[in-house]
Amino acid sequence: EMLREHRIFLTKEDIRARSADLFSKAYRIDNLTSYETGGSTGAPVVIYMTNDLHSYRDAGKCRVEDWIGKRPGTRSTIIWGRPVKDGGYSRIKKYLYWKIRNYQYLSAFDISDRSMLVYIERIRRHRSRFLEAYVSVLVEMARVIETHGVEPPPLDGIITGAESLNDVQRRRIEQAFRCHVFN
């Protein structure tokens, strides 16, 4: 509140340009886990967190997913962010992370009718029980299912995130996929 009152704002551009200046001296960067945001904007921002915070967030996610019947290791597809372009150790680490979780990772940056039809088939082949994605991607995929008369993959549920979900969008996604949407 105090920053807003004094009209002090921090933008993603500020963070990208001055990240070294903004980094707390209380932490060493090599002892932290880094993540890139960038989902919907396409311009990533690197965020660092302690292993404790990472574990806390992961445990919270597992707990909430357990409430909806998604146990650890349940086959799932996540349509998120951009394609993994890292090399070497980082690429292997991400591959193992998704493999252990039994997740199939698809990029949210290619959402044409053609790619959505391919994604629907990949979800089916992976035998995913849950689908996790941005609301906008799910609405688009629901439109493709309806427009092309495609049989949706059999899912136990859909998890939305990172964008607001309104009642009209929820109904459309649930109708097209024939399963419950969890937000």
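Residues numbered from 1 in each chain as written. Predicted model: local features only at pLDDT ≥ 70, side-chain atom pairs only at ≥ 80, totals over all residues. Heavy atoms only, no water.

### Observations concerning the overall build of the protein
Right, on to step 1. When helices and strands are counted, the protein shows seven helices and seven strands.
Right, on to step 2. Beginning at the N terminus, the succession of helices and strands in the protein can be written as α-α-β-β-α-β-α-β-α-β-α-β-α-β.
Right, on to step 3. Seen through its C-alpha atoms, the protein measures out along the principal axes to roughly 55 × 40 × 30 Å.
Right, on to step 4. The buried share of the protein, taken over its 183 residues, is 30%.
Right, on to step 5. In the protein, the share of contacts with a sequence separation of at least 24, taken over all contacts with a separation of at least 6, comes to 67%. (Helix = DSSP H or I, 4+ residues; strand = E, 2+ residues; numbered from the N terminus. Buried < 20%, exposed > 50% of the residue type's maximum accessible area, 1.4 Å probe, protein only. Contact = heavy atoms within 4.5 Å.)

### Quick look at unusual backbone geometry
Right, on to step 1. Of note in the backbone geometry, Asn 102 takes a positive phi value of approximately 65° without being a glycine.
Right, on to step 2. You can see Asn 102 is positioned in the loop between α4 (88-101) and β4 (103-107).
Right, on to step 3. The phi dihedral of Ala 162 is positive, around 70°, even though this residue is not glycine.
Right, on to step 4. You can see Ala 162 is positioned in the loop between β6 (157-161) and α7 (167-177).

### Description of the pattern of salt bridges
Right, on to step 1. Within this structure, the stated rule accounts for 15 salt bridges.
Right, on to step 2. One salt bridge in this structure joins Asp 30 and Arg 28, with 2.5 Å as the shortest N-O distance. The burial state of Asp 30 is the same as that of Arg 28; both residues are exposed.
Right, on to step 3. Ionic pairing is found between Glu 151 and Arg 178, a salt bridge with its closest N-O pair at 2.6 Å. Of the two residues, Glu 151 is situated in the loop between α6 (135-148) and β6 and Arg 178 in the loop between α7 and β7 (181-182); the sequence distance between them amounts to 27 residues. (Salt bridge = Lys/Arg side-chain N within 4 Å of Asp/Glu carboxyl O.)

### Concerning the packing of helix α5 (residues 113-126) against α6
The relative placement of two packed helices is expressed as an angle between their axes plus a distance between the axes.
Right, on to step 1. Relative orientation of the contacting elements α5 and α6 amounts to 90°, with a least axis distance of 10 Å. Taken together, the axis directions place α5 and α6 in an arrangement best described as roughly perpendicular. Across from Asp 113, Met 116, Leu 117, Tyr 119, Ile 120 and Ile 123 in α5, the residues of α6 making contact are Val 137, Glu 140, Met 141, Arg 143, Val 144, Ile 145 and His 148. (Axes fitted to C-alpha atoms, helices over the stretch in contact; angles between N-to-C directions. Parallel < 35°, antiparallel > 145°, perpendicular 65-115°, else oblique.)

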